[in-house]
Each structure stands twice: as structure tokens, then as C-alpha cells.
Amino acid sequence: MRKISEQFITMLAPNANAVNNGRKICQKSGFVKRFRSEDDTFYMGECSGSGKSHYITSADFVEEEHPVFRCSCPSRQFPCKHSLALLFEMSMEKEFVVCEIPEDILKKREKKEARAAKSAAAKKEGKPKVNKAARTKKIKKQIEGLKLTEDMMNQLLQAGLGTMGGSSIKTYRDLAKQLGDYYLAGPQLYVNRLILEMEAFQKDGENSHYKKAVHILVQLRASVKKAEAYLKEKLEQQEFYDDDTILYEELGGIWKLDQLQALGLKKEHACLLQLSFQVVYDQARKEFIDIGWWADVDTGEVSVTRNYRPLKAMKYVRQEDTVFEAASIPVLTYYPGDLNRRIRWENASYSPITRENLTGVMSHAQSSIPAAVKMVKNQIKNVLSDNFVVLLFKFAQIGKVQKSYVMRDSEGNTILLEDMPGMEGSVDRLSMVTESSLLTEQVLLGAFYYQEEKRRICVQPYSIVTGEKVVRLLY
């Protein structure tokens, strides 16, 4: 019989309530019948519900770790609570009567296999066909929108940032709306961030909003200049295929897994450990973002997963959760970028973290503070990149100097531990670490960033990794 863990069920659930409701169905013995195929690829159950007839729910495991759920209930959640309850029945190793796989399930499998074969055949043919006329029209429209954005920036700079609190804010709101028509979601996001600083300045008059506005304008100007050159080159060379540049996403493009994999941005048989997890709200995007920080056991590369949940679609986009097991991923896909690349995958299996996993991650950690700082500076000087870099660092000791926490490397170099502005705090949680051994000769996962007020690189600690466990300071 197939083994199912609670971690696996939680990963599949659309939200915590669905998990609890599924568990309650099992606790109340809601299933009146349970069936499974002899090859363990198909499970089905009859579950009592609020209607006169029993609900028929099933889980098809023909693709390992990527099951297909079906249920006759009217719920719009996916998987529904009955599907999750079926998984709980399996995790509890309850008795399932062996049955034949239903004919309609076999037909659905055949159709799915046919679609997969068609897709594989299309990939073998090489580069996909591109509608050059449509691409040319779109690129010209984008260039037109970039010129409009550049004119707006010039007007703002000529008038001076003192106009931020004036009536000109309506002009920028109108521009933000227009940029959507020009297929420029990236520049549109920068303008929305600029508007937020303008609105904040109107409320409190704080000069700090000027600094943030200047930084946004620098990013926007760099984005416009690079994007304009990139698009004009595409037109001149009549080259409309995808390439591995961050400008594609900066311009509002949305990557598909097969596009990224066709560019060679993938790794087979990857093993990852999630070392930190956080949920943030991006006001400019009007989205919640579930952020997971992962370390590759083989290489030590620190990557990030981002799950975007727009406010308008909160009911339909499942919130991701913390993962406390090792993820074995058949095909790991990367987004273009340098350090801390974003990653995605279609399916994975999970198992308890082993000592070998932890020592593998620790063996790739940086050990020199000057070398780490140099790496971070080289990354964040690119204005289109994040203003921080998350690294694994092997420290000699973490301790307090006066009222501040400081991290020291084996050569005696030190760096200040301090929370990033606008981020959930974690430095104070070091005071809750009662085992002194955790603060000596271990590995820290931390965000290295430039602290403007102190004019130096600081680190916000995320987790401490030892040969035995991971101690999370951000969950």
C-alpha cells in the first residue's frame, strides 16, 4: 500500500482549513467504502456528506507525487476536503479493498498520455514557430510605451522632486494604467511604487520618501534604457525567440517551465532543503508573496521560490507552507539570473532530512567575510537586482558586542547582524537560542544587504544550520 505523509497532504491542500476538515472526516469515520487498484496507482472512496448520496472521491497516482484528484462533491476547492480525507485514510493505513481501475479513469489516462506525447514531439522539432508580424507589432508598442515613460521621468526630474506632493500624482496614476496597454508590466510596477511614495509623502511629509523615490527612479531609468536597447536589437536582427535574460520578465513576460527548460535552465535529480520561509505583502503589486529559501545539497546554491497570491484571487491561489523535509526533484527549473535564482518544479517527493543532507549543505558555505561582502557588492550594484543577497556562511562565533549582535569568521573579521528595513525582524530571536553550541562553528543562512544609515554591509540572520538540525529564525 502506498505511503502518504502528513507533510505531503499539507503541501497539496489549498489552505489550512481544508486540511483540518479533511482530518475531521477521517476522525468521524466518514468513509463507508475504500478501494485501491492492485498496482497501487489508483485509490477511491465513498464518503458520506450533506447530500442524500455518498460522494465518490479518487486519487490517481499514475504520475508519482503528482496525483490527480476527482470528487463528485460541489466544492470549488481543489483538492477538496474529501480528497484530502482520502489521503488521510491512506496515511493511517486503513484497509482498502482491491478493485479494478474504472474504465473512465483509464480513458482519461490515455488522453493525458496522448497530450504529453504531442508536446514532446513538438519540443523535438526545435524552436517553436513564432508569429513574426505579431511579435514585431508588440515590440514596437513596447518601445512606444518606454518612450512615454522616459518622457515622464524627464518631466519629473526637470520640475524637481519637490513636486511629489503636488497634483502631478494624477499624471503618474494615468501613466501606470497606460503602461498595461503597452505590455510593460515591469515598468508599470516601478511607477506604482513611485506613486506609493508620493502618497506617503502627502500624508506625513517625511523626507525619507524622497530617498526611496530617487532609488525607484534610478531603477526605472535603468530598466527603460536596457529594455529599449534590448527590444531595438530584437527588431533589427529579426530575432524573436526567447533568451535567458532577466529583461524578459522585467518587461512583464511570464515564463513557462518548458520555455526555461528549452533554454537549458534546469537540473535533473536535485535535492533541496528549505531553510527559511516568509510571507510578505507587496502593496505595489497588491499581492501576497510566499517566499521559500532553499539550499541545493550538492552545490550549496541558495535559490528562492515565490508564490504570488493577488488579492483579487485569494480564494483560488493556494498559499504555500513551510517544508521541513528534504525535497527530491526529478527536474528543477531555474529562472534567468545570477545569485539567488528563482526556481520552480512540477513534482517532488519528500523524505526526512538526514545528517548527510545537512553536512552537504554546510560544506559549500562561504567562510570569509571580506570575500562574501565583495560578492554581495558585485551583485547589488546592478540596480535591477534585489538589494540583498542570501548566502550560506560558516561562522566561528556569533555574540553580542555592547548591544548589537556580531558574526565573526575564522580569521577574526566581523560583520554586524541587523534586521533589514521593512522586513520581519529576526535578530532578537538569537537571544532565544539557549544552546551555546549553536552560536559557535556553525553555518548561518542570512541576507547580506547594504545598510544606508551605517553605510556598511550588514546581515539579517534567517537560519542556523548544524550537522544535526536547522534552527529557523524566520519560519
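Keep in mind that this is a model prediction, so the values were computed, not measured.

(A) Representation of a nonpolar patch on the surface. Together, Tyr281, Leu311 and Met314 make up a nonpolar patch on the protein surface, roughly 260 Å² of accessible area in all. When you line up the elements, leucine 311 lands in the loop between β8 (302-310) and β9 (326-334). Judged by its relative accessible area of 41%, leucine 311 falls in the partly exposed class.

(B) Just the environment of methionine 420, in detail. Along the chain, the position of methionine 420 falls in the loop between β14 (414-417) and β15 (440-451). Classification of methionine 420 as buried rests on a relative accessible area of 7%. Along the sequence, methionine 420 and glutamate 268 sit 152 residues apart, while their C-alpha atoms lie 35 Å from each other.

(C) The sheet that holds strand β1 (residues 31-37), seen in detail. The strand order across the open sheet formed by five strands is β4-β3-β2-β1-β5, and the pairing between neighbours is mixed. The open sheet has two edge strands with one neighbour each: β4 (68-71) and β5 (97-99). Sheet twist, expressed as the mean angle between neighbouring strand axes with direction ignored, is 20 degrees. Bridging between β1 and β5 involves three bridges; their strand directions are parallel. Residue serine 37 lies in a different strand from β5, and its bridge partner there is cysteine 99. In the packing of helix α3 (residues 81-91) onto the sheet, the strands contacted are β1, β2 (42-47), β3 (55-60) and β4, and the crossing angle to β3 comes to about 65 degrees.

(D) Examining the nonpolar core more closely. Met152, Tyr172, Val191, Leu194, Leu220 and Leu231 are the most contacted members of the largest nonpolar core, which has 32 residues in total. A total of 10 residues in this core trace back to one element, the largest contributor, which is helix α8 (residues 208-237). Beyond its immediate chain neighbours, meaning those up to four positions away, leucine 194 contacts Leu156, Ala213, Ile216 and Leu217.

(E) Geometry of the packing of aromatic side chains. Summed over all chains, the structure comprises eight aromatic pairs. When the ring of tyrosine 248 is compared with that of tryptophan 255, the centres are 4.2 Å apart and the planes differ by 45 degrees; the resulting orientation is tilted. Assessed through its relative accessible area of 4%, tryptophan 255 is described here as buried. Lying across the ring of phenylalanine 96, arginine 34 places its NZ or CZ 5.9 Å from the centre. Positioned above the aromatic ring of tyrosine 334 is the side chain of arginine 341, whose terminal nitrogen or guanidinium carbon lies 3.9 Å from the ring centre.

(F) Structural detail: helix α7 (residues 185-204). An ideal rise of 1.5 Å per residue puts 28 Å on 20 residues; α7 measures up with 29 Å between its terminal C-alpha atoms. Among the residues of α7, Gly186, Pro187, Leu189, Tyr190, Val191, Leu194, Ile195, Glu197, Met198 and Phe201 are the ones counted as buried. Two residues or fewer after α7 comes glycine 205, characterised by a positive phi angle close to 65 degrees.

(G) Spotlight on the side chain of aspartate 290. Secondary-structure assignment places aspartate 290 in strand β7 (residues 287-296). Separated by 2.8 Å, the side chains of aspartate 290 and arginine 309 make a polar contact. At 3.0 Å, the side chain of aspartate 290 and the backbone nitrogen of glutamate 320 are in polar contact. With residues up to four places along the chain from it excluded, the contact list for aspartate 290 reads Phe277, Gln278, Val279, Thr305, Arg306, Asn307, Arg309, Arg318, Gln319 and Glu320.

(H) Spatial organisation of α8. The terminal C-alpha atoms of α8 lie 44 Å apart, and with 30 residues this matches the ideal 44 Å at 1.5 Å per residue to within 8%. Once α8 finishes, glutamine 238 follows within two positions and takes phi at roughly 50 degrees, a positive value.

(I) Main features of unusual backbone geometry. Here the bond from phenylalanine 78 into proline 79 is cis, since omega is -10 degrees, no more than 30 degrees from zero. Secondary-structure assignment places proline 79 in the loop between β4 and α3. Even without being glycine, aspartate 40 reaches a positive phi, approximately 65 degrees. Inspection of the secondary structure assignment puts aspartate 40 in the loop between β1 and β2. Note on aspartate 40: relative accessible area 15%, which makes it buried. Positive phi, normally seen in glycine, also occurs at lysine 286, with a value near 60 degrees. Among the secondary structure elements, lysine 286 is positioned in the loop between β6 (266-282) and β7. With relative accessibility at 52%, the residue lysine 286 sits in the exposed group.

Parameters and conventions
Residues numbered from 1 in each chain as written. Predicted model: local features only at pLDDT ≥ 70, side-chain atom pairs only at ≥ 80, totals over all residues. Heavy atoms only, no water. Patch = residues over 30% accessible without salt bridge, like charges linked within 9 Å, V, L, I, M, F, W, Y side chains within 5 Å. Areas by Shrake-Rupley, 256 points an atom, 1.4 Å probe, with all protein chains shown as cover. Salt bridge = Lys/Arg side-chain N within 4 Å of Asp/Glu carboxyl O. Helix = DSSP H or I, 4+ residues; strand = E, 2+ residues; numbered from the N terminus. Buried < 20%, exposed > 50% of the residue type's maximum accessible area, 1.4 Å probe, protein only. Pairing = 2+ DSSP bridges. Axes fitted to C-alpha atoms, helices over the stretch in contact; angles between N-to-C directions. Contact = heavy atoms within 4.5 Å. Core = buried A, V, L, I, M, F, W, Y, C linked by side-chain atoms within 4.5 Å. Phe/Tyr/Trp six-rings, centres within 6.5 Å; stacked < 30°, edge-to-face > 60°. Lys NZ or Arg CZ within 6 Å of the ring centre and 35° of its normal. Expected span 1.5 Å × (residues − 1). Polar contact = N/O pair within 3.5 Å; in protein donor to acceptor, adjacent residues only side chain to side chain.

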